[in-house]
Structure formats: C-alpha cells, structure tokens
Amino acid sequence: MQHTAPFGNAVITGACGGLGQALARALIASGARVALVGLNRATLDALVALAPERCRAYTPDVSDAAAMAAMAADWLQHMGPPDLVVANAGVAGGFDTAVPDDLPVLRRMLEINLLGVACTFSPFLAALRGHAAARTAFVGVASIAGWRGMPGNGAYCASKAGLIAYLQSLRAELRPTRLTVHTVSPGYLRTALTAGNRFAMPGLLEPNEAARRLLAGVAAGREHIVLPRRIGWLSRALGLLPAAWHDRLLLRQPRKPRAGEAGATDIPGLHR
C-alpha cells in the first residue's frame, strides 16, 4: 500500500491508548510503516495486526536508554529511517510535596515525561544527524500544564515545563540541519490521563481529532502546536493576571487525584 500522508515511516511512543493510539491508527491507515512503542502487548499486537508487514511492536520502558537504543536499532535495520518520531509516552497525577510517599511520583514523572523523550530521540538523532538528506520531524508531546505551575499538580507541571525547555534547546541545536523539532501542548484530551479529573476541562478534545490536527500541524512545519488552539488563548489570557490573582483562582479548583485516591492515574506504570 502506497502511503497517502506526508509521513511514510513513523515511531510512536505511548501507542497503547489516547493520542498515541489515535496517531498510530491514522498513520497505519495512511499506509505508513509504524513502530508502536508501549507497555500493553495485547493492544500493540492488535495494532500490528492492522498492517503486519508495515508495523512492529516494542515494549521498553521509555526511560531506559539501552532498551530504547535497541528498539531504534531494530527499527532502522528492518524498516529504515523514520521521517516522524513522536515522543508521546507520559504519566500524570496529583502531587503533594508534604507527603513523603509522593516523592517517587515526581521522580517517575520526570523519568517518563522528560528523560523518556530524550531517550526516544537520542538513537534516531545519532543515526540521522550525519546524513545531509535526512528529513525527520521530532515531536515532543508536552502540555499547557508546562506553561505555568498549578496547585496540586507540581510534578506533572514540572516535567512538562522541563520538556518544553528541552525541546527549545534541541530545536536550536538542529537549526543547521533538515531535522525539525515540534512542541505539542495539548489542553484536555479525552484519555485515561484525564478520566479522573474532578475539575472543568474546557475545550475537551477527542483523541482522533487531536491526532489529525497534530499531524497536519507537523506536516505544515509548525514548531508549536496547541490542541485545541482556543485553550492556549485562554491559558495565555489567564497568564496576564497578577500572579496572586491567578493563584487564588486556581486554588478554588478541585485538584487532580493523587496516587491511591479515587480516580487517580496508576503512576508507576501507565503510559499514554
């Protein structure tokens, strides 16, 4: 099958659900070769079955550099260099610095949401950076939560703020090449990571629509993509308020459930 989308060879982490699975399905349907990276083998195998000649499933921990390098080496050997690498795997959940048991939550979010992106990109950059003809889009899925810290969500906000800064640095480093870096900042998507939220989620977007907009934005060369755009405008408008006003407004909102609370995400293992 001839691929009909701008991308013919893609690597997607966090492919088991939500945005990652929506991206995987869209790319597979377009005829692309797709590396499916996630933790749920049964889900990945079901995706591979859609186009077994063009897809492979991998189940590394994205924060394990050696495991990710092995995944990349296998994909490059059998399917060739990707023109799209989407680091989408992520974990989320509430966080309270005063609770010692929450400190491992912060560590795990930084490992998956920040280090995991670098571990995803690293082996492909090493393989591609020396090739003048290589054209690959490296996409990091951050969040508008990385634009400003929110009460009760410090670990997640910190991991996404760090990711945004990391992607800025990498983008600058790659300017002399044909390799591009794209920062995606979703607002609220209807996924397992938002299912337990106890607060209003304006602009809630379905994963399939988010995937369509993401792929279109990257194909158009947009370096910063907000999903949906209007939630970015709202967040920026709130950011114009004095910090004390902004904080008081956020303190009135219900907080994201912490690990062990009703509706909480399973922090240790859940990847998008």
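Fair warning: this is a prediction, and the values are worked out from it, not measured in the lab. (Residues numbered from 1 in each chain as written. Predicted model: local features only at pLDDT ≥ 70, side-chain atom pairs only at ≥ 80, totals over all residues. Heavy atoms only, no water.)

1. Observations concerning the overall build of the protein
Helices and strands together make up the secondary structure of the protein, namely eight helices and seven strands. Across the 272 residues of the protein, 50% fall into the buried class. In the protein, the share of contacts with a sequence separation of at least 24, taken over all contacts with a separation of at least 6, comes to 66%. For the protein, the accessible surface area stands at approximately 12,000 Å², while carbon and sulfur atoms represent 57% of it. (Helix = DSSP H or I, 4+ residues; strand = E, 2+ residues; numbered from the N terminus. Buried < 20%, exposed > 50% of the residue type's maximum accessible area, 1.4 Å probe, protein only. Contact = heavy atoms within 4.5 Å. Areas by Shrake-Rupley, 256 points an atom, 1.4 Å probe, with all protein chains shown as cover.)

2. Considering the pattern of salt bridges
In total, this model carries nine salt bridges according to the counting rule given. Of the charged contacts in the structure, one is a salt bridge between E209 and R212, with a shortest N-O distance of 2.6 Å. Of this pair, E209 and R212 both sit in helix α6 (residues 207-219), separated by three residues, roughly a single helical turn. R212 sits in the partly exposed class, given a relative accessible area of 49%. Residues participating in the shared-partner salt-bridge network are D61, R108 and E111. (Salt bridge = Lys/Arg side-chain N within 4 Å of Asp/Glu carboxyl O.)

3. Notes on the sheet that holds strand β1 (residues 9-13)
Spatially, the seven strands line up as an open sheet ordered β3-β2-β1-β4-β5-β6-β7, and their pairing is parallel. Since the sheet does not close on itself, it has two edges, and those belong to β3 (55-58) and β7 (224-227), each with one partner. Between one strand axis and the next, the sheet turns through 15 degrees on average, direction left out of account. Here helix α3 (residues 65-79) sits on the sheet and contacts β1, β2 (33-37) and β3; the angle it forms with β3, its principal contact strand, is near 165 degrees. (Pairing = 2+ DSSP bridges. Axes fitted to C-alpha atoms, helices over the stretch in contact; angles between N-to-C directions.)

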